[in-house]
Amino acid sequence: MNEHGTGPPGSNSKEIIGKHGYLFIISAPSGGGKTTLSRAVLSRFDDILFSVSYTTRTPRSGEQDGVDYYFIPKDDFNKRIENDLWAEWAKVHGNFYGTSADLLDKGLASGRDMLLEIDVQGTIQILERYPESVTIFLMPPSLETLRKRLEMRGTESLAALERRLLNAKKEMTQKDLYRHVIVNDQLSIAIENLISIIEKYRSAKYS
Ligand code: 5GP
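Since the structure is predicted, the reported quantities are computational estimates derived from the model, not experimental observations. (Residues numbered from 1 in each chain as written. Predicted model: local features only at pLDDT ≥ 70, side-chain atom pairs only at ≥ 80, totals over all residues. Heavy atoms only, no water.)

### Quick look at the overall build of the protein chain
Part 1: Counting secondary structure elements, the protein chain contains seven helices and 10 strands.
Part 2: Counting across all 207 residues of the protein chain, residues that qualify as buried make up 47%.
Part 3: Restricting the contact set of the protein chain to residue pairs at least 6 apart, pairs at least 24 apart contribute 71%.
Part 4: Surface accessibility of the protein chain: about 10,300 Å² in total, with carbon and sulfur atoms responsible for 51%. (Helix = DSSP H or I, 4+ residues; strand = E, 2+ residues; numbered from the N terminus. Buried < 20%, exposed > 50% of the residue type's maximum accessible area, 1.4 Å probe, protein only. Contact = heavy atoms within 4.5 Å. Areas by Shrake-Rupley, 256 points an atom, 1.4 Å probe, with all protein chains shown as cover.)

### A few points about the pairing of strand β9 (residues 134-139)
Part 1: For β9, the tally of buried residues reaches six of six residues, placing the bulk of the element in the interior.
Part 2: Burial along β9 is two-sided: the residues Val 134, Ile 136 and Leu 138 and Thr 135, Phe 137 and Met 139 are all buried.
Part 3: Of the strand pairs in this sheet, strand β2 (residues 23-27) and β9 are connected by four bridges, and their pairing is parallel. Within β9, the residue paired with Phe 24 across the bridge is Val 134.
Part 4: Across four bridges, β9 lies against strand β10 (residues 180-183) in parallel orientation. Its bridge partner lying in β10, Ile 136 is registered against His 180. (Pairing = 2+ DSSP bridges.)

### Notes on the site of the ligand
Part 1: Residues in close proximity to the ligand total 18 residues, the closest being Ser 53, Arg 57, Tyr 69, Glu 88 and Tyr 97.
Part 2: Contact between the ligand and Glu 88: a nitrogen atom at 2.7 Å from a side-chain N or O atom of the residue.
Part 3: For the ligand, whose free accessible area comes to 510 Å², the fraction covered by protein is 97%.
Part 4: Residue assignment for the shell around the ligand shows that the elements contributing at least two residues are β6 (86-92) and β7 (95-100). (Near = heavy atom within 4 Å. Polar contact = N/O pair within 3.5 Å; in protein donor to acceptor, adjacent residues only side chain to side chain.)

### Let's talk about the nonpolar core
Part 1: Residues Phe 24, Ile 136, Leu 194 and Ile 198 are the most contacted members of the largest nonpolar core, which totals 19 residues.
Part 2: Of all the secondary-structure elements, those providing two or more residues to this core are β2, α1 (34-44), β9 and α7 (187-206).
Part 3: The greatest single-element share of this core, amounting to six residues, is contributed by α7.
Part 4: Apart from the residues lying within four places of it in its own chain, the contact partners of Ile 136 are Ile 25, Ile 26, Ser 27, Tyr 178, His 180, Ile 182, Leu 194, Ile 197 and Ile 198. (Core = buried A, V, L, I, M, F, W, Y, C linked by side-chain atoms within 4.5 Å.)

### Remarks on the packing of aromatic side chains
Part 1: Counted according to the given criterion, the structure contains 12 aromatic pairs.
Part 2: In textbook terms, an aromatic cluster arises when at least three aromatic residues are bridged by ring pairs, as seen for Tyr 54, Tyr 70, Phe 77, Trp 86, Trp 89 and Phe 96. (Phe/Tyr/Trp six-rings, centres within 6.5 Å; stacked < 30°, edge-to-face > 60°.)

### Description of helix α6 (residues 158-172)
Part 1: Taking 1.5 Å of rise per residue, 15 residues should cover 21 Å, and α6 covers 21 Å from first to last C-alpha, within 8% of that figure.
Part 2: Buried residues of α6: Leu 161, Arg 164, Leu 165, Ala 168, Glu 171 and Met 172, and no others. Down the axis, α6 shows its buried residues gathered within 125° of arc, on one side only. Turned more than 90 degrees from where α6 packs its buried face, Ala 159, Leu 166 and Lys 170 sit exposed.
Part 3: Elements in contact with the buried residues of α6: β7, α4 (120-129), β9 and α5 (143-153). (Expected span 1.5 Å × (residues − 1). Arc of directions from axis to C-beta.)

### Observations concerning the confidence of the model for the protein chain
Atomic detail in the predicted coordinates should be set aside for any region of low pLDDT.
Part 1: Averaged over all residues, the pLDDT of the protein chain is 88; the fraction at 70 or higher stands at 90%.
Part 2: This stretch, residues 1-18, has a pLDDT under 50; its non-local contacts, to residues over four places away or in other chains, come to 40 contacts. (pLDDT = per-residue confidence, 0-100.)

### Things to note about the pairing of β2
Part 1: Where burial is concerned, most of β2 is hidden: five out of the five residues are buried.
Part 2: Taking every second residue as pointing to the same face, both faces of β2 are buried, with Leu 23, Ile 25 and Ser 27 on one and Phe 24 and Ile 26 on the other.
Part 3: In this sheet, strand β8 (residues 114-117) lies alongside β2 in parallel orientation, the contact comprising four bridges. Paired with Ile 25 across the strands is Leu 116, a residue of β8.

Following this line, the structure appears as structure tokens:
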């Protein structure tokens, strides 16, 4: 287990305190455990608003529209690009994913803290808009572990799995863009670390 970063809020992050809530961004390579970890955060802090992303990907079994993602056709996605409606968007593993600017801006303006689960390309764009976002990267202990997790999950074809692994390799080289890095080796410890990072920011805000 390993966690590093700039630590709890310094003077810069104060600006986000007050009118706006904190924006927590979690990224992890596919199979890196981000959904499980985000769920743990949301059940621990039930006032954090989860930003439901839009995607052109087909729903996996059990995924619900409006809960896991808003599943939309490619045409709709493109129209929203033309109308400048995304806070960020990216093509990931051959599908498009985006965060609604309206949902994000309104959520933050209401003073609520928000949680975004997006990839590295999206994080770079959000940091341009909200430079004080609290960015957290979940590192798998190794690519081999990641491969095993994806194989066990069994949601991808072999080609899609290879593509996700290649992308994971690339994303892992960009982990230093993030304020905090958590190695997701043992799930319970990773959850504890993630919650304690979020708690530190929130307790600075409310104290
Ligand atoms: P999955 O298809 O496994 O749900 O997600 C694939 C990747 O897309 C993950 O890395 C996930 O973080 C990323 N992703 C999900 N939603 C968004 C989004 O709104 N924007 C961006 N840039 N990436 C996203």
